[in-house]
Amino acid sequence: MSAFRKTGRGRVDASKVINFTFDGKSYQGVQGDTVASALLANGNHLMGRSFKYHRPRGVLGAGWEEPNALIAVDRGKGRVTPNVRATTQEIYEGLKAESQNRSPNLKFDMGAFNNAFSMFFPAGFYNKTFMWPKSFWDKVYEPFIRNMAGLGPAPDADDPDVYASVYGHCETLIIGAGPAGIAAALAAAKNGERIILVDENAQMGGSLLSTPSIEIDGKPAGKWLETSLKALAKAENVTLMTRTTATGYYHDNFVALAERITHHVPNAEIGKVREALHRIRAGKVILAQGGIERPLVFNGNDRPGVMLASAAQTYLGEYGVAVGNEVAVFTSHDSAYQAAFDVADANTRIAAIIDVRGTIRDDLIMGATERGIKVIKSAAITKTFGKLRVKACEVYEPESGNKTKLNCDAILMSGGWTPSLHLWSHSKGGIKWDADLAAYIPDAPNENAVCIGACNGDFGIAAALSAGHKAGGGRKTYKTNETDFGTGLVLSSLPSYLDSSKQKAFVDFQNDVTEKDIKLAVSEGFKSIEHVKRYTTNGMATDQGKTSNLNALEIASKAVGKPIEKVGLTTFRPPYTPTTFGTFTGYRDNELFDPTRKTPIDPWAEANGAAFEPVGHWRRAWYFPKEGEDMHAAVARECKATRDSLGIFDASTLGKIEVVGPDAAKFMNLMYTNPWSKLPVLGCRYGLMCREDGYIYDDGVVGRMAEDRFHVTTTTGGAPRVYRHMEDYLQTEFPELDVWLTSTTEQWAVIAINGPNARKLIEPFVEGIDLSADSFPHMTLREGKICGVPTRLFRVSFTGELGFEINVPAHYGRMVWETLFEEGQKYDICPYGTETMHVLRAEKGFIIVGQDTDGTVTAHDAGMSWAVSKKKRDFVGKRSLARPDLVAEGRKQLIGLLTEDSKEVLEEGAQIVEDPNQPIPMDMLGHVTSSYWSESLGRSIAMAVVRDGFNRMGETLNIPMPDKVIKAKVVKPVFYDPKGERLNVV
Amino acid sequence: MFEIHCPYCNEKRPEIEFAYAGEAHYVRPTAKEQSEMSDEDWSRYMFIRDNKRGEHAERWWHNAGCNMFFNAIRNTVTDKFVMTYKMGLPPRTDKQIDAARRTDAKEKASS
């Protein structure tokens, strides 16, 4: 049995010894211990180094509020969890825990030099330092800041564990299974509705776990707890969840619960669920989150061994661990006396109770006297001594001026209690200042929710139990034998003879914010608490200010000279405690994170060595490299093969919308700039779509299947937004039109066949369609069969070659593709990808919406005025196209560029200027939108938007690059076969 | 995450089924009106929105549900939906909004 374990105390099973390591050193704990309680049982308080100054730190608390004792739990490659609270990590056989933020080790930390130079790290030091010289950023400042930033080690491998995701519903969700939450569940369980009771700890019971001397209605608290939990476990309508944190409270009683399933299990298998995120929609939410004790802000209050009084009570009552041999208690609140008495009753010497207050309740004085504890009234601790552990403190009595050195190996402090308003605040519930408690408490709710017990400002076990029962719909009043929870005095600064600038009195332990920092921030002009928070970073660490917010507020309000309720509280935001990415991600990782859409022909492309690129959510074959080919070589070969003979391309990703109904043509007239009424059945037309603002929104070929039916194609990435755009107008602006819209993108596989031999290839497979040039001209479509399956066969071309787009029901896509590919061997058929498609279309000057246009380009700017009907009375975008800005001269217009050096391929996005010798910033005329090597032309080609481009034909413009200036001539953006003769090869 | 009452499905559905679609009751001028509108008036129709603090009439789309667009009154301060109503119905009057608020409160109280 270790030195500080108290036999017969606590709820741990002292007969079950568990071995674990901390920083490589072996320790023994017992079943039920946390890392913190086990280390304390071994007399080890030093558990971490602070963030900024690398000061040695011990545990401050015993639960989820812990700011100091952060550890990394190492379970092997990819399974290292950083920033775990030692106070909440249960030990298990073989647990490997490591301290953080130190180098080379916890006892000797090189980073502690920051502490010696702490005058250089005041509030806002990030904003004040690292300002100049500019050249220092990359090499000096950034690496320095990166090295300092963050606490634990970032994972360096994929996490192999499984995380689950669950939806749940209940009439009543109770958060926190202390006395209030359990009593609420007992009462609510009676009406038979679904109840979920959650608690973040391994055991339910809250404060009852560490107060064995309490009797509830004459029964020992432990017995009451056991009976109550048994009854709840038996009730079929009650779900009990331990090790589950309610991390966020969202609209309409939607609460996120993070359940840790294997954090306490030795050798948890890979493949078993480690954590689960439960998304609960509750009819009513009962918040019983309890309260958190506040530290006192005094010089040296962060020395290992200084901790919250309630924490010492928990270590003793729940884990049977004494936090020291000789303990000083420093308080401004009555509740610390009970903690001191519990500690004393377990045979630990209390050096003294130092109380800031001059008047103390008689029963407390009596309790102290009975136990032989000295109480020093109207006094404060002004210094602590010891390096890696407190060994003494200085007690200062301002009235007499006396200073006494008091030996102690732990200091328990209590500055009163803060109700936990975190989730209440997430739910946008109102809060109000309670002057007696010196804390914010809940005000009007915003959701169907109620706060009970300590988080409502009702401290004490009897009060919590009764409030809980009432919230659950019951009426029981509970009686206990507890001493009155009492009151306290909240002080923004404690008596001290030391100048405040000489003190290291910590407010936010995790972010190393001192009282001095907050005062400095206020004196530098940050008067709003939100600004003070951001400037000092108080409350912004992973503990979200659980122990520091109220103290910071007190100090700031005094410095600003405004009452605290006028200063306001900073906003609490989810998550309540740090939550792993795994929990948020759930099953949606890797291929399920952002699912990839694949065409029916995609497996063929993969089997045939395609390189892929993402386009929207699709993955598309980019190019098909042969052995030894890079992209450039592959694309050059694919382009040549297509123009010389035959290319085959998977165009299945094209968006498709079926527009059907008696008013289909009317609707098309309104949605597209082109006219549709006169398009004959089985005719095709290039359609250009604007939004109401007149800019190009999408484009695609549209075929008229029948008087009342259009087969509309959209860009690959644009399909969802075009569909929405159409639905919106149809439902809300043109509801009188009798039209239906159906997205058919995934119903059709589309195979584009291009090249002089296109017709020859498909002829043998087509039934019911006369393919001859005369009867099936360019820009028409036919219905029939190909390879024995139904097809909508379009004669269209995005390459300038003779082309067909074969639409077949999606599941026939691969069969038709493979059949044609096999037959195509006769013509050296070449499968090509999106890159070749882009080059071939650019040679023809066809635009890609979103590449050559950017949401500020009109049809006229793109040189496509021909696609805008002059006769239609109305279409979406028509009125905007008449706005003065859109008809003005000199807008940026789409033109072609030919570089002087034909081998030079411009960079897409490169800026274009008239005079490259102008001082920077130069007058920029526009930018390159598309640029490729054209194998067919044996030179580079480019498209660009250039100010007043149409009037610059023949001009030479400059494209400045980091190492040179490239000259290029403005030309029309049709580089290949400008007369379009190749469409008509026979 | 909100629960939003779809007036076409006539039930409350989770927010992930919906998409916000801008401020409501901006009626697109007819072709004739457009041709007679000044550039300033057209710009106002196109680009200027109230962005009201408080009860705001707005459009939502039940895109992962029945696919219908509808209107809603939502308080932009409290983030509470006061009511939803079908597309094409005129803007809600203060009286109608008040009544909806009272019904909602009653339902909550009785639940």
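Enquirer: In this structure, what is going on with the overall build of chain A? I would like to understand it.
Expert: When its secondary structure is counted, chain A shows 24 helices and 50 strands. Across its three principal directions, the C-alpha atoms of chain A cover 115 × 70 × 55 Å. The proportion of buried residues among the 986 residues of chain A is 51%. When contacts within chain A are restricted to residue pairs at least 6 apart in sequence, long-range pairs at least 24 apart make up 66% of them.

Enquirer: Help me understand the overall build of chain B in this model?
Expert: A tally of regular secondary structure across chain B gives three helices and six strands. The helix and strand sequence of chain B, counted from the amino end, reads β-β-β-α-α-β-β-β-α. In terms of its C-alpha atoms, chain B occupies a principal-axis envelope of roughly 55 × 30 × 20 Å. Across the 111 residues in chain B, those meeting the buried criterion constitute 15%.

Enquirer: What's the story with the sheet that holds strand E37 (residues 709–714) of chain A in this structure? I'm lost.
Expert: Hydrogen bonding along the main chain pairs the strands of a sheet, whether they run parallel or antiparallel. All names here are of chain A. Taken together, five strands build an open sheet; the order of strands is E35-E36-E37-E34-E38 and the sheet is antiparallel. A strand with exactly one partner marks an edge of an open sheet, and here the two such strands are strand E35 (684–690) and strand E38 (740–743). Shown here is a sheet whose adjacent strand axes are inclined to one another by a mean of 25°, direction ignored. In the sheet, strand E36 (residues 696–706) pairs with E37 via four bridges, with the strands oriented antiparallel. Along E37, the bridge assignment pairs Arg-704 with Phe-710. Its contacts with the sheet place helix H19 (residues 664–671) against strand E34 (655–660), E35 and E37, and it is angled at close to 130° to E34.

Enquirer: Whenever I open this one, the interface of chain B and chain A confuses me. Can you help?
Expert: The parts lose accessible area when they come together, and the size of an interface is often stated as this lost area. Each partner contributes residues to the interface: chain B has 19 residues there, and chain A has 21 residues. Elements that contribute at least two residues to the side of chain B that touches chain A include exactly helix H1 (31–36) and helix H2 (39–47) of chain B. Here the side of chain B that touches chain A takes three residues from H2 of chain B, the largest share from any one element. When the residues that make up the side of chain B that touches chain A are grouped by side-chain class, the tally is nine nonpolar, five polar and five charged.

Enquirer: Can you walk me through the pairing of strand E4 (residues 55–61) of chain B in this structure?
Expert: Side-chain direction in a regular strand flips from residue to residue, so the side chains alternate between the two faces of the sheet. Residues and elements named next belong to chain B. One ladder, built from three bridges, connects strand E3 (residues 19–23) with E4; its direction is antiparallel. Within the sheet, the bridge partner assigned to Glu-23 lies in E4 and is Glu-58. Bridging between E4 and strand E5 (residues 69–75) involves seven bridges; their strand directions are antiparallel. Bridge assignment links Glu-55 to a residue of E5, and that residue is Asn-75.

Enquirer: Looking at this structure, how should I read helix H11 (residues 461–471) of chain A?
Expert: Since the α-helix packs 3.6 residues into each turn, any two residues three or four apart lie on the same face. Taking burial as the measure, the eleven residues of H11 of chain A include nine buried ones, the bulk of the element. Just downstream of H11 of chain A, Gly-473 of chain A is the residue with a positive phi angle, here 95°.

Enquirer: Sorry, what's going on with the domain arrangement of chain A here?
Expert: Here the domain parsing of chain A yields domain 1 (13–109), domain 2 (159–292 + 417–488 + 577–591), domain 3 (633–841) and domain 4 (890–986). The straight-line distance from the C-alpha centre of domain 1 of chain A to that of domain 3 of chain A is 64 Å.

Enquirer: Hey, could you run me through the sheet that holds E5 of chain B in this one?
Expert: Residues and elements named next belong to chain B. Pairing within the open sheet is antiparallel, and its four strands lie in the order E3-E4-E5-E6. Bordering the open sheet on either side are E3 and strand E6 (81–86), each of which pairs with just one other strand. Averaged over all pairs of adjacent strands, the angle between their axes in this sheet comes to 35°, without regard to strand direction.

Enquirer: Looking at this structure, how should I read the packing of helix H18 (residues 631–644) of chain A against helix H23 (residues 834–843) of chain A?
Expert: The relative placement of two packed helices comes down to the angle between their axes together with the axis-to-axis distance. Residue and element names in this part refer to chain A. The contact between H18 and H23 brings their axes to 9 Å, and the two run at 60°. With respect to each other, H18 and H23 are oriented oblique. In this structure, the crossing between H18 and H23 has a hand that is right-handed. Contacts from Met-631, Val-635, Glu-638, Cys-639 and Thr-642 of H18 reach H23 at Glu-835, Thr-836, Val-839 and Leu-840.

Enquirer: Honestly, the environment of Gly-700 of chain A in this entry has me stumped. Any pointers?
Expert: Residue and element names in this part refer to chain A. Following the sequence through the fold, Gly-700 ends up in strand E36. In this structure Gly-700 comes out as buried when scored by C-beta crowding, with 22 C-beta atoms within 10 Å. Taking the C-alpha atoms as reference points, Gly-700 and Thr-713, 13 residues apart in sequence, are found 5.1 Å from one another. Setting aside residues no more than four positions away along its own chain, Gly-700 makes contact with Leu-654, Gly-687, Val-712, Thr-713, Thr-714 and Thr-715.

Enquirer: Looking at this structure, I do not really get the confidence of the model for chain B. What am I missing?
Expert: Detailed reading of predicted coordinates is not advised where the pLDDT is low. Averaged over chain B, the pLDDT score is 93; the fraction of residues at 70 or greater is 96%. What the predictor reports for the complex is a pTM of 0.89 with an ipTM of 0.97.

Enquirer: Hey, could you run me through the packing of helix H5 (residues 179–188) of chain A against helix H6 (residues 221–234) of chain A in this one?
Expert: Residues and elements named next belong to chain A. Packing of H5 against H6 brings their axes to within 10 Å, and their N-to-C directions diverge by 45°. As far as their axial angle goes, H6 and H5 are oblique. As H5 runs across H6, the sense of the crossing is left-handed. Listed contacts from H6 to Ile-182, Ala-185 and Leu-186 of H5 are Ser-228, Ala-231 and Leu-232. For the contact of H5 with H6, the per-class residue count stands at five nonpolar, one polar and no charged.

Enquirer: How should the pairing of strand E1 (residues 13–22) of chain A be read in this particular structure?
Expert: All names here are of chain A. Both E1 and strand E2 (residues 25–31) contribute to a ladder of seven bridges, which runs antiparallel. Pairing of Phe-22 across the sheet is with Lys-25, part of E2. In this structure, the hairpin formed by E1 and E2 is closed by a connection of two residues, where Asp-23 is found at a positive phi of approximately 55°. Here E1 runs beside strand E7 (residues 95–99); their pairing, made up of three bridges, is parallel. The residue of E7 that forms the bridge with Thr-21 is Lys-96.

Enquirer: Where do I start with helix H20 (residues 719–733) of chain A in this structure?
Expert: For H20 of chain A, built from 15 residues, the straight-helix expectation of 21 Å at 1.5 Å per residue is met to within 8% by its first-to-last C-alpha distance of 21 Å. Those residues of H20 of chain A that sit buried are Ala-719, Val-722, Tyr-723, Met-726, Leu-730 and Thr-732 of chain A.

Enquirer: Explain unusual backbone geometry here, please?
Expert: Most peptide bonds take the trans configuration, and most residues that are not glycine carry a negative phi. Residues and elements named next belong to chain A. Following Pro-574, the chain continues to Pro-575 via a peptide bond in cis, the omega torsion being 0°. Along the polypeptide, Pro-575 turns up in the loop between helix H15 (564–567) and helix H16 (581–585). For the peptide bond that leads from Ile-920 to Pro-921, omega is 0°, which places it in the cis range. By the element assignment, Pro-921 lies in the loop between strand E46 (911–913) and strand E47 (924–934). Of note, the phi angle at Arg-243 is positive, near 50°, even though the residue is not glycine. Within the secondary structure, Arg-243 sits in the loop between strand E12 (238–241) and strand E13 (244–250). Positioned with a positive phi, Asn-590 is a non-glycine residue whose angle comes to about 45°. Summarising the element assignment, Asn-590 is placed in the loop between H16 and helix H17 (602–607). Residue class for Asn-590 comes out exposed when judged on the 9 C-beta atoms lying within 10 Å of it.

Enquirer: Explanation requested: the nonpolar core in the structure shown.
Expert: Nonpolar side chains in soluble globular proteins tend to end up buried together. All names here are of chain A. Within the largest apolar cluster, 166 residues are counted, with the highest numbers of intra-cluster contacts made by Ala-184, Ala-185, Val-329, Ala-340, Ile-411 and Leu-412. Inspection of this core shows a minimum of three residues originating in each of domain 1 (13–109) and domain 2 (159–292 + 417–488 + 577–591). Leu-412 has contacts with Met-307, Ala-309, Ala-312, Val-327, Val-329, Ala-336, Ala-339 and Ala-340, leaving out every residue within four places of it along the chain.

Enquirer: What am I meant to see in the environment of Asp-708 of chain A here?
Expert: Residue and element names in this part refer to chain A. Note that Asp-708 resides in the loop between E36 and E37. For the pair formed by Asp-708 and Leu-592, sequence separation is 116 residues and the distance between their alpha carbons is 40 Å. Residues contacting Asp-708, with those up to four places away along its chain left out, are Val-660, Gly-661, Pro-662 and Ala-664.

Enquirer: Got a minute to help me understand the environment of Lys-872 of chain A in this structure?
Expert: Residue and element names in this part refer to chain A. Position of Lys-872 relative to the elements: it lies in the loop between H23 and helix H24 (884–887). Residues Lys-872 and Ile-71, 801 residues apart in the sequence, show an inter-C-alpha distance of 71 Å. With near-sequence residues (within four places) excluded, Lys-872 lies in contact with Asn-669 and Pro-675.

About the thresholds
- Residues numbered from 1 in each chain as written.
- Chains lettered and ligands numbered in written order.
- Predicted model: local features only at pLDDT ≥ 70, side-chain atom pairs only at ≥ 80, totals over all residues.
- Helix = DSSP H or I, 4+ residues; strand = E, 2+ residues; numbered from the N terminus.
- Buried ≥ 20, exposed ≤ 12 C-beta atoms within 10 Å, placed from the backbone.
- Contact = placed C-beta atoms within 7 Å.
- Pairing = 2+ DSSP bridges.
- Axes fitted to C-alpha atoms, helices over the stretch in contact; angles between N-to-C directions.
- Nonpolar A, V, L, I, M, F, W, Y, C, P; charged D, E, K, R; others polar.
- Domains from an automatic or database assignment.
- Parallel < 35°, antiparallel > 145°, perpendicular 65-115°, else oblique.
- Left-handed = near helix turned anticlockwise from the far one by under 90°.
- pLDDT = per-residue confidence, 0-100.
- Expected span 1.5 Å × (residues − 1).
- Core = buried A, V, L, I, M, F, W, Y, C linked by C-beta atoms within 7 Å.

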